[in-house]
Amino acid sequence: MSNHTEGPEHLLKHLAARERRIVEAVLHRRSVARDVHQDYLDQRTFGERMADRIAAFGGSWPFIGLFALFLAVWIVLNSVPRKEAFDPYPYILLNLLLSTLAALQAPVIMMSQNRQATRDRMNAAHDYEVNLKAEVEIRALHDKLDALREADWAELVRLQQVQIQMLERLLAAAGGKGAAP
């Protein structure tokens, strides 16, 4: 049998760490909301920040425009028949450059996507914590409303009993007056 004199803190030891943190926040009226995005940004290493910047630039319209311009200039410079062409048609050096760029850019973009997935998991975990706290708070409000409703019903019943007693006294007093000649 459990000891009913123990408070809600006794039940906390049976909860997971995250749920325990939420219940403690509710009990002590603390917020669980935080800026998960800023937490994530603060935890990144230099390499991760660099990979995110490269991936952001590599997937942007400015990159596409600059790269298209670079390719056009390369082709024009090496297509005009002259002695100074450093990579004549079929542009072997350009193909090597493009393959190298793709080989380097793909893992950087994948690293950035993996971190985005990590950030999404952090957001989901935070959303869960906020939703759990909201659920606990809503349940507490329902309990308070139920207690108020029960108190109102009890008061209503008590008032009705008082009214019935008053009516019985009135009827008894009226019945006593009508019987006398």
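Residues numbered from 1 in each chain as written. Predicted model: local features only at pLDDT ≥ 70, side-chain atom pairs only at ≥ 80, totals over all residues. Heavy atoms only, no water.

Points about the overall build of the protein
Spelled out, the test is: Secondary structure elements follow DSSP: runs of H or I of four or more residues count as helices, runs of E of two or more count as strands, with numbering from the N terminus. Throughout this description, buried means an accessible area under 20% of the type-specific maximum (1.4 Å probe, protein chains only), exposed means over 50%, and partly exposed covers the range between. Residues count as neighbours in contact if any of their non-hydrogen atoms are within 4.5 Å of one another. In this description, accessible areas are obtained by the Shrake-Rupley approach with a 1.4 Å probe, and a residue is regarded as covered only by the protein chains that are shown.
When you go through the protein residue by residue, the secondary structure sums to six helices and zero strands. Beginning at the N terminus, the succession of helices and strands in the protein can be written as α-α-α-α-α-α. Buried residues in the protein amount to 16% of all 181 residues. Sequence-distant contacts, at least 24 apart, represent 61% of the contacts inside the protein between residues at least 6 apart. For the protein, the accessible surface area stands at approximately 14,000 Å², while carbon and sulfur atoms represent 65% of it.

Some words on helix 4 (residues 46-58)
Convention followed: A helix's residues, less one, multiplied by 1.5 Å, set its expected span. As used here, the arc belongs to the directions running from the helix axis to the C-beta atoms.
With 13 residues, helix 4 extends 18 Å from end C-alpha to end C-alpha; this agrees with the ideal 18 Å at 1.5 Å per step. Along helix 4, the positions that sit buried rather than exposed are A51, D52, A55 and G58. Considered in projection along helix 4, the buried side chains sweep an arc of 135° and stay on one side of the axis. Those residues of helix 4 that are exposed and aimed more than 90 degrees away from the buried face are F46, R53 and A56.

Some points on the pattern of salt bridges
Side chains that differ in sign of charge can pair as their charged atoms come close. Going by this rule: The salt bridge definition used is simple: a Lys or Arg side-chain nitrogen within 4 Å of an Asp or Glu carboxyl oxygen.
A full pass over the atoms with the stated rule returns six salt bridges. E155 is paired through a salt bridge with R158; the nearest N and O atoms lie 2.7 Å apart. Placement of both E155 and R158 in helix 6 (residues 92-179) is noted, with a separation of three residues, approximately one turn of the helix. Of the residues examined, E155 reaches a relative accessible area of 35% and is grouped as partly exposed.

Notes on the packing of aromatic side chains
Aromatic ring pairs are defined here through the distance separating the ring centres and the angle between the ring planes. Applicable threshold: Any pair of Phe, Tyr and Trp rings, taking the six-membered ring for Trp, is counted once the centres come within 6.5 Å. Such a pair is stacked with planes under 30 degrees apart, edge-to-face with planes over 60 apart, and tilted for the rest.
A full pass over the atoms with the stated rule returns six aromatic pairs. Ring centres of F57 and F63 lie 5.5 Å apart, and the angle between their planes is 80°; on these two criteria the pair is classed as edge-to-face.

Considering the side chain of R44
If you trace the backbone, R44 turns up in the loop between helix 3 (36-43) and helix 4. If near-sequence neighbours (up to four positions away) are discounted, R44 is found in contact with R49 and D52.

Concerning a nonpolar patch on the surface
Selection rule: Residues forming no salt bridge and having over 30% relative accessible area are the ones grouped into patches, like charges within 9 Å of each other and nonpolar side chains (Val, Leu, Ile, Met, Phe, Trp, Tyr) within 5 Å.
Taken together, the side chains of F57, L66, L69, V73, L77, F86, L93 and L96 make up a nonpolar region of the molecular surface, amounting to roughly 750 Å² of accessible area. Those elements that place two or more of their residues in the nonpolar patch are helix 5 (61-79) and helix 6. For the nonpolar patch, the element with the most residues is helix 5, which contributes four residues. Following the sequence through the fold, L96 ends up in helix 6. Judged by its relative accessible area of 53%, L96 is exposed.

Remarks on the confidence of the model for the protein
Defined as follows: The predictor rates its confidence in each residue with pLDDT, a number between 0 and 100.
The predicted model of the protein averages 83 in pLDDT, with 89% of residues at 70 or higher. Within the protein, helix 5 carries the highest mean pLDDT (90), whereas helix 1 (residues 8-12) carries the lowest (62).

Points about unusual backbone geometry
Residue P90 is reached from Y89 by a cis peptide bond, and omega for that bond is 20°. Residue position: P90 is located in the loop between helix 5 and helix 6. Not every positive phi belongs to a glycine, and Y91 is a case in point at roughly 55°. Along the polypeptide, Y91 turns up in the loop between helix 5 and helix 6.

A few points about the side chain of D52
Rules: Whenever a nitrogen or oxygen atom comes within 3.5 Å of another N or O atom, the pair is scored as a polar contact, on the condition that within protein one atom can donate a hydrogen and the other can accept it, and that pairs from neighbouring residues in sequence are kept only if both atoms are in side chains.
As for its position among the elements, D52 is in helix 4. Within polar-contact distance, the side chain of D52 engages the side chain of R115 at 2.7 Å. Each residue touching D52, except ones within four places of it in the same chain, is listed here: Y40, R44, S112 and R115.

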